[in-house]
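# Residue-level structure breakdown
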Amino acid sequence: MGRSLILDTNILIAYERGAVDRSALDDDDLAVAAVSIAEYRVGIELADTAARAADRSRSLSAMTSVLDVLDYTESTAVHHARLIAASRRIGRHRGAHDLIIAAHAAETGRIIFSRDAEARFADLPGVLAMEP
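Now for a look at the structure at hand. Because the structure is a prediction, the values reported are computed rather than measured. (Residues numbered from 1 in each chain as written. Predicted model: local features only at pLDDT ≥ 70, side-chain atom pairs only at ≥ 80, totals over all residues. Heavy atoms only, no water.)

## Structural notes on the packing of aromatic side chains
Evaluation of the coordinates by the stated rule reveals zero aromatic pairs. Lying across the ring of Phe113, Arg3 places its NZ or CZ 6.0 Å from the centre. (Phe/Tyr/Trp six-rings, centres within 6.5 Å; stacked < 30°, edge-to-face > 60°. Lys NZ or Arg CZ within 6 Å of the ring centre and 35° of its normal.)

## Observations concerning the packing of helix H4 (residues 74-90) against helix H5 (residues 96-108)
For any two helices packed against each other, one specifies the crossing angle of their axes together with the interaxial distance. Closest axis-to-axis distance for the H4/H5 pair is 8 Å, and the angle between their directions is 120 degrees. Between H4 and H5, the angle falls in the class oblique. Between H4 and H5 lies a crossing whose hand is right-handed. Where H4 approaches H5, its residues Ser75, Thr76, His79, His80, Leu83, Ile84 and Ser87 are matched on the opposing element by Ala96, Leu99, Ile100, Ala102, Ala103, His104, Ala106 and Glu107. (Axes fitted to C-alpha atoms, helices over the stretch in contact; angles between N-to-C directions. Helix = DSSP H or I, 4+ residues; strand = E, 2+ residues; numbered from the N terminus. Parallel < 35°, antiparallel > 145°, perpendicular 65-115°, else oblique. Left-handed = near helix turned anticlockwise from the far one by under 90°. Contact = heavy atoms within 4.5 Å.)

## Section: the sheet that holds strand S2 (residues 29-33)
Pairing is parallel across the open sheet formed by five strands, whose spatial order is S3-S2-S1-S4-S5. Pairing within the sheet leaves two strands with one partner each, and these edge strands are strand S3 (68-70) and strand S5 (128-130). For this sheet, the mean angle separating the axes of adjacent strands, direction not counted, is 35 degrees. Of the strand pairs in this sheet, strand S4 (residues 111-113) and S5 are connected by three bridges, and their pairing is parallel. Within S5, the position partnered with Ile112 by the bridge is Ala129. Those strands touched by helix H2 (residues 34-45) are strand S1 (4-7), S2 and S3, and its axis lies near 70 degrees from that of S2. (Pairing = 2+ DSSP bridges.)

## A word on the pattern of salt bridges
Scanning all chains against the criterion turns up six salt bridges. When the shortest N-O distance is used, the salt bridge between Arg52 and Asp48 registers 3.6 Å. Across the salt bridge formed by Arg110 and Asp68, the nearest N and O atoms sit 3.9 Å from each other. Linking Arg110 in the loop between H5 and S4 with Asp68 in strand S3, this pair joins segments that are 42 residues apart in sequence. For Arg110, a relative accessible area of 9% corresponds to the buried category. Three or more residues joined by partner-sharing salt bridges are found here, namely Asp29, Asp68 and Arg110. (Salt bridge = Lys/Arg side-chain N within 4 Å of Asp/Glu carboxyl O. Buried < 20%, exposed > 50% of the residue type's maximum accessible area, 1.4 Å probe, protein only.)

## Comments concerning the pairing of S2
Of all five residues that make up S2, four are buried, and the element is covered over most of its length. For S1 and S2, the ladder comprises four bridges, and the chain directions are parallel. Within S2, the residue paired with Ile6 across the bridge is Ala31. For the segment spanning S1, helix H1 (residues 9-16) and S2, crossover handedness is right-handed. (Right-handed = clockwise from strand over helix to strand, strands pointing away.)

## Quick notes on the nonpolar core
Leu7, Leu12 and Leu67 are the most contacted members of the largest nonpolar core, which totals 18 residues. For Leu67, the residues in contact, after removing those within four places along its chain, are Leu7, Leu12, Leu30, Ala31 and Val32. Grouped together as the second largest cluster of nonpolar side chains are 17 residues, Ile6, Ala33, Leu70 and Phe121 included. (Core = buried A, V, L, I, M, F, W, Y, C linked by side-chain atoms within 4.5 Å.)

Dropping the structure here:
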């Protein structure tokens, strides 16, 4: 077994577009936060054509068939609260969804796999992150 990863929403989008080497993730244990599914679904809802919405929906179904979708639990909430507090202490604004993804990573010991360097996930206590 390879790495234990939680995929950021931007990786799901890149995966759909073929911009991620899918074979590079074959040996990894992959998960995604339920909030990332919601973010991805926004793209389905806002698609400029019905065909594009259908393509995105099929891609999402294919991805979720091989990914563990992590639900927000009371344990996740504990990690989430700690990360919010840590961010506030240093005066760094963080996206609400990014902190939920980071809370899942901290809770499960997974590494966040993200193309979003500005999110600076690895700066959060107890969170590991990597870029493709």
